[in-house]
Amino acid sequence: MRRLIILVLMLGGMQLILPLGARGYGGQWLLIFGFLIVAAEAVGGLSASIRLPKIVGYLLAGLLFGPSFLNTVDAESITQLAPVSSLAIALIAFLAGAELRWSELKERGVLILKILTVEMTLTFVAVAGFLVAVREYVPFLQDTTFPVALVLSMMFASVAVVHSPAVTMALLTETKARGPVARSTLGVVLVSDVAVILLFSGALALARSVAPPASASAGGTSLGLLVWEIFGALVVGAALGGVVAVYLRWVRRELFLFAVLIAFFGAELARVVHVETLLMLLTAGFVSENLSEEERGHALRIAMERSAAPVFVVFFALAGASMEVTQILVLWPLLIPLILIRLLALWLGTNLGARWGGASPEERRYVWLGLVSQAGVAIGLATIVADLYPERGADIRTLFLATLAVNQTVGPIMFRYALSRSGELNEDANAESDEILSGLAGDTGEMPVATVAESSTPLPPQPA
Amino acid sequence: MTQGLILVLIVVGAYLAAHVVFDWLARKLVIVSGAEYLILGVLLGPSATGLIDATFLQDIAPASALALGWMGAINGSRLVLLRLVRIPALVYRVAFAESLITLFIVGGLQYFLLSWLFGLSPDRAFAPAVALGAFATLSGHAGIELAARRSRGQGLLVTTLRATTGANAAVAICTFGILLAFGHPPSTALSRPITPTEWTVITIVIGVAGGALYHLFLGEENSVDRMFISLGGVLILVSGAATYLRLSPVMAGMFFGMTLINTSRKRNEITAALSRVERPLYFVLLIFAGASWRLSAQSVWLLPVLLFVVARAVGKFGGARLAARLNDVLPTLGPDWGVALLGQGGLIIALSVNYLYQDTLALPNLVFTTAIISVLLTDLLSGRFAASVIPPATTTMTHPMPHRAL
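Residues numbered from 1 in each chain as written. Chains lettered and ligands numbered in written order. Predicted model: local features only at pLDDT ≥ 70, side-chain atom pairs only at ≥ 80, totals over all residues.

### A word on the overall build of chain B
The line we're drawing: Note on conventions: DSSP H or I runs of at least 4 residues are helices, E runs of at least 2 residues are strands, and numbering of each starts at the N terminus. Buried, partly exposed and exposed are defined by the number of other C-beta atoms within 10 Å of a residue's own C-beta, namely 20 or more, between the two limits, and 12 or fewer respectively, with C-beta atoms placed from the backbone. Residue pairs qualify as contacts under a 7 Å threshold applied to their C-beta atoms, which are placed from the backbone.
When helices and strands are tallied, chain B shows 20 helices and 0 strands. Taking all 406 residues of chain B together, 59% fall into the buried category. The contacts in chain B between residues at least 6 apart in sequence include a share of 83% that link residues at least 24 apart.

### Some details on the overall build of chain A
A count of helical and extended segments in chain A gives 19 helices and 0 strands. Counting all 464 residues of chain A, 57% fall into the buried class. Pairs at least 24 apart in sequence give 83% of the contacts found in chain A among residues at least 6 apart.

### With respect to helix H19 (residues 382-389) of chain B
Residues and elements named next belong to chain B. When you tally the buried positions in H19, you get 6 out of 8 residues, the bulk of the element. Looking only at H19, the buried set comprises Ser382, Gly383, Phe385, Ala386, Ala387 and Val389. Contacts made by the buried residues of H19 are with helix H8 (142-151) and helix H18 (364-378).

### Re the nonpolar core
Side chains of nonpolar character tend, in soluble globular proteins, to be buried together. Quick note on the threshold: A set of buried residues drawn from Ala, Val, Leu, Ile, Met, Phe, Trp, Tyr and Cys, joined through C-beta atoms within 7 Å, is what defines a nonpolar core. Residue ranges for the domains originate in an automatic or database domain assignment.
A:Leu91, A:Phe94, A:Val314 and B:Leu285 are the most contacted members of the largest nonpolar core, which has 302 residues in total. For this core, the two domains that each supply at least three residues are domain 1 (2-80) and domain 2 (90-293 + 330-426) of chain A. With residues up to four places along the chain from it excluded, the contact list for B:Leu285 reads B:Ser64, B:Ala67, B:Ile349, B:Ala350 and B:Val353.

### Section: the packing of helix H8 (residues 165-175) of chain A against helix H9 (residues 180-210) of chain A
All names here are of chain A. Let me state the cut-off plainly: Only C-alpha atoms enter the line fits that serve as axes; for helices the fit covers just the stretch in contact. Angles between N-to-C directions range over 0 to 180 degrees. Note on terminology: angles under 35 degrees are roughly parallel, angles over 145 are roughly antiparallel, angles of 65 to 115 are roughly perpendicular, and the others are oblique. Handedness of a crossing is defined here by the sense of rotation of the near helix relative to the far one, left-handed for an anticlockwise turn of less than a right angle and right-handed for a clockwise turn. When residues are sorted by character, Ala, Val, Leu, Ile, Met, Phe, Trp, Tyr, Cys and Pro go into the nonpolar class, Asp, Glu, Lys and Arg into the charged class, and all the rest, Gly among them, into the polar class.
Where H8 meets H9, the axes come as close as 10 Å, and the angle between the chain directions of the two elements is 155 degrees. Taken together, the axes of H8 and H9 are roughly antiparallel relative to one another. The handedness of the crossing between H8 and H9 comes out as left-handed. Within the contact between the two elements, H8 uses Pro165, Thr168 and Leu172 and H9 uses Ala182, Thr185, Leu186, Val189, Leu190 and Asp193. Its residues assigned to classes, the contact of H8 with H9 comprises 6 nonpolar, 2 polar and 1 charged.

### Here's the deal with unusual backbone geometry
All names here are of chain A. The backbone of Asn71 shows a phi angle near 60 degrees, a positive value even though the residue is not glycine. One non-glycine residue, His274, lies in the positive phi region at around 55 degrees. Within the fold, His274 resides in the loop between helix H11 (255-273) and helix H12 (277-291). Residue His274 is classed as exposed on the basis of its 11 C-beta neighbours within 10 Å.

### Let's talk about the domain arrangement of chain A
All names here are of chain A. If you check the domain split of chain A, you get domain 1 (2-80) and domain 2 (90-293 + 330-426). A C-alpha centroid distance of 28 Å is found between domain 1 and domain 2. Counting from both sides, the interface comprises 6 residues of domain 1 and, opposite them, 9 residues of domain 2. Residue classes in the side of domain 1 that touches domain 2 are distributed as 5 nonpolar, no polar and 1 charged.

### Describing H12(A)
For the record, the criterion: To estimate the expected span of a helix, count its residues, drop one, and scale the result by 1.5 Å.
In a regular helix each residue adds 1.5 Å, so 15 residues correspond to 21 Å; H12(A) covers 21 Å between its end C-alpha atoms and thus fits that length. The element H12(A) is extensively covered by neighbouring structure, given that 13 of its 15 residues are classed as buried.

### Here we look at the confidence of the model for chain A
Rule in force here: Per-residue confidence from the predictor is reported as pLDDT, which spans 0 to 100.
Across chain A, the average pLDDT comes to 79, with 86% of residues at 70 or higher. Low pLDDT (under 50) marks residues 430-464 of chain A, which in the prediction has 72 contacts with non-local residues, meaning those over four places away or in another chain.

### Examining the environment of A:Met1
For A:Met1, the location among the structural elements is in the segment before helix H1 (2-17). Spatially, the C-alpha atoms of A:Met1 and A:Leu46 are 8.9 Å apart, while their sequence positions differ by 45 residues.

### Let's talk about the environment of B:Ala169
Residue position: B:Ala169 is located in helix H9 (residues 156-182). Distance in space between the C-alpha atoms of B:Ala169 and B:Ile202 is 20 Å, their sequence separation being 33 residues.

### Quick word on the confidence of the model for chain B
All names here are of chain B. On average, residues of chain B carry a pLDDT of 83, and 83% of them reach 70 or more. Counting interchain partners and residues more than four positions distant, the pLDDT-below-50 stretch residues 395-406 has 20 contacts. Across the interfaces of the predicted complex, the ipTM metric reaches 0.81, alongside a pTM of 0.76.

### Remarks on the environment of A:Ser373
All names here are of chain A. Structurally, Ser373 is set in the loop between helix H15 (361-366) and helix H16 (377-388). Put simply, Ser373 and His163 are 210 residues apart on the chain and 5.7 Å apart in space, counted from C-alpha to C-alpha. Dropping the residues within four chain positions of it, Ser373 is found in contact with His163, Ser164, Val167, Thr168, Asn407, Gln408, Gly411, Pro412 and Phe415.

In structure tokens form, the structure reads like this:
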């Protein structure tokens with residue numbers, strides 16, 4: 001009830017303020033940003049009260065206040081807030097990489113690869129096979145020859161196998177789950193990002209040879225470039241991770257500021273050297289965490305989680321605001337079977353892969369539920385297809401975004417259910433996190449004001 | 001390489017270098033750091049190397065607007081009524097008398113000088129004069145805390161100095177906020193124009209409503225994570241609303257912080273959450289302010305700046321002495337106690353950036369230049385100024401409390 005009152009009050013306040021102000025100096029940007037944080041947190045709280053993940057609440061808040069419904073956050077504001085999404089992706093990737101310890105990879109690596117191989121192959125075959133089978137009803141496959149329908153379906157399927165590191169990390173951060181289901185899911189999701197790009201590159205090359213695009217230069221994405229995007233990301237990410245490790249070893253100050261700067265710097269660097277942002281920062285996180293002493297790496301991770309918290313809220317709210325409900329409504333007869341087939345393939349593939357890898361019964365039963373969400377790199381890949389085949393690509397992208405919207409909403413619910421059923425939800429997570437924070441306050445350079453007066457070191461610069 | 005990338009590299013490198021060097025200087029020479037980031041900003045900005053251009057400054061404007069609100073909130077969160085009522089009324093009389101004397105001396109002199117020098121009409125000269133008066137009122141507390149800790153002083157002098165810096169901030173923020181309400185461009189959205197009083201009330205309401213919203217939003221939440229998200233979210237909303245309405249985010253933020261700290265049982269947690277990003281935002285603001293600096297187009301700009309520095313010194317020194325004499329505490333506080341108030345502190349940067357945002361007020365570059373020069377002249381030595389006044393603990397504690405204070 002309280003949260004509903006907040007939402008009504010905030011909407012009323014926004015209606016009063018918006019006609020009185022003027023653009024300039026980022027006022028409107030900041031106003032919408034603040035509104036999204038508070039409104040999405042309120043809806044997130046509402047969804048938590050009915051045992052749904054908060055992420056679902058954030059997405060729904062974005063959908064409600066976005067252009068599809070109330071339009072408080074209009075299309076222009078979504079564009080203006082795009083840097084927040086870039087920052088969020090960078091933070092998520094770095095945090096995800098920092099979650100992986102080398103020792104754990106050695107221990108779980110084989111299992112993760114086995115699960116990934118089987119589930120990805122099955123999903124790819126199932127989705128591509130389904131599209132080919134019903135090609136008369138698929139907008140972008142109508143009036144095509146069988147070989148062209150096959151390669152286009154394979155291209156779609158290579159994007160459809162993508163998972164969402166963003167949702168996985170956000171949910172693990174929210175629940176602080178650390179059990180085998182959580183670890184295996186995270187491992188599969190992270191490694192799949194590399195595998196997906198390889199798979200997509202192969203499908204793209206095949207599509208180019210079977211159904212050459214109208215313009216030779218269309219899309220502008222060569223295989224060599226894609227390979228550089230992956231391996232370049234590993235190299236640059238490792239170098240960045242090394243620099244972070246050096247900082248943690250020798251300086252170790254102002255970690256909050258440093259965390260934001262690293263994310264911003266990493267995203268910018270990836271853009272400049274044309275490497276995959278997610279993979280690069282993931283590598284950076286992994287290298288820095290594994291090169292640093294555990295305590296120091298942990299301090300940076302805490303600082304990053306703190307700085308990421310409001311960014312995550314807005315990131316998912318913006319994702320919700322970007323969803324186009326009309327597309328889902330138009331495509332639902334195709335969408336529902338497509339989603340169900342993907343789910344079935346995920347369940348079967350993960351189960352078989354987990355059995356092959358000798359995983360625990362919990363992992364066999366629940367890991368697939370964490371693989372349903374989709375986002376991030378998938379949107380980029382769908383855009384590459386749309387650029388390459390302007391006539392059919394737009395339809396591929398539309399269908400894919402509609403699938404993604406549903407999976408992104410349903411996925412977190414299923415993952416939370418999996419964590420709950422496997423007994424890995426950590427209800428006392430926040431209290432633990434606060435304890436860590438208080439233990440590290442001096443270490444991270446963020447000195448609570450209450451302790452400043454008793455400190456014997458010089459005061460930090462104060463604004464007044 | 002992109003501008004953003006270059007900026008991050010330079011800022012990180014310079015930040016580390018400056019931080020290490022200035023930390024050492026602070027320990028050894030009682031110097032307060034902060035001004036070095038301002039210089040760094042000037043060096044990076046269009047006026048020097050041009051590594052940060054006007055477009056980029058526009059891009060990071062929201063971050064600096066947030067920093068303004070955040071600084072206001074931090075100042076507001078220091079105004080805990082339960083603690084304030086324990087301080088003797090005498091201390092407030094001295095503190096507010098000193099604040100108002102400085103405000104009127106500097107504001108009045110600037111008003112006449114600016115009218116005469118630039119041929120401004122009384123209406124046009126009013127805004128920069130009052131803004132400079134408000135800036136002059138401000139005193140930094142970092143230097144005082146540094147000196148107080150070194151000498152372990154806790155007597156009436158230190159209490160008065162702390163109360164005076166608080167009063168200075170409150171007077172300056174409110175004066176500046178009201179000034180923006182008076183200088184507000186007319187709004188065409190309503191059937192009648194909104195009056196300055198109404199704009200002032202709107203500024204206060206934004207802050208108070210933000211504080212109330214935070215409580216409604218959070219209830220009795222214990223998680224620091226949630227508290228931080230809520231605090232950040234509401235403060236972004238408050239700063240954004242004030243900036244969007246062309247009001248003072250510093251004043252709205254101050255009322256937000258004040259409401260929050262006086263209505264919550266989790267004061268320490270709120271203060272900790274606020275202080276968590278205080279430094280990063282403050283550095284962003286300093287670098288932004290330095291980069292935004294442009295030499296005033298007026299060829300005689302040095303005269304108002306000189307007048308500001310001199311009049312402020314007179315106001316602080318003489319005003320403090322006069323305020324103490326009027327309240328019979330001059331023997332206790334000492335004749336030179338106002339010297340400890342000469343350090344400007346960072347709030348002046350926030351207010352001057354806020355002034356720069358207003359397109360309708362006169363002489364923005366001159367006002368901004370004056371603020372920057374004053375910080376550069378006084379901030380580094382603010383610890384030394386305070387140390388010259390605050391005696392060792394044993395001496396301070398032996399001073400009897402004046403009769404009127406009891």
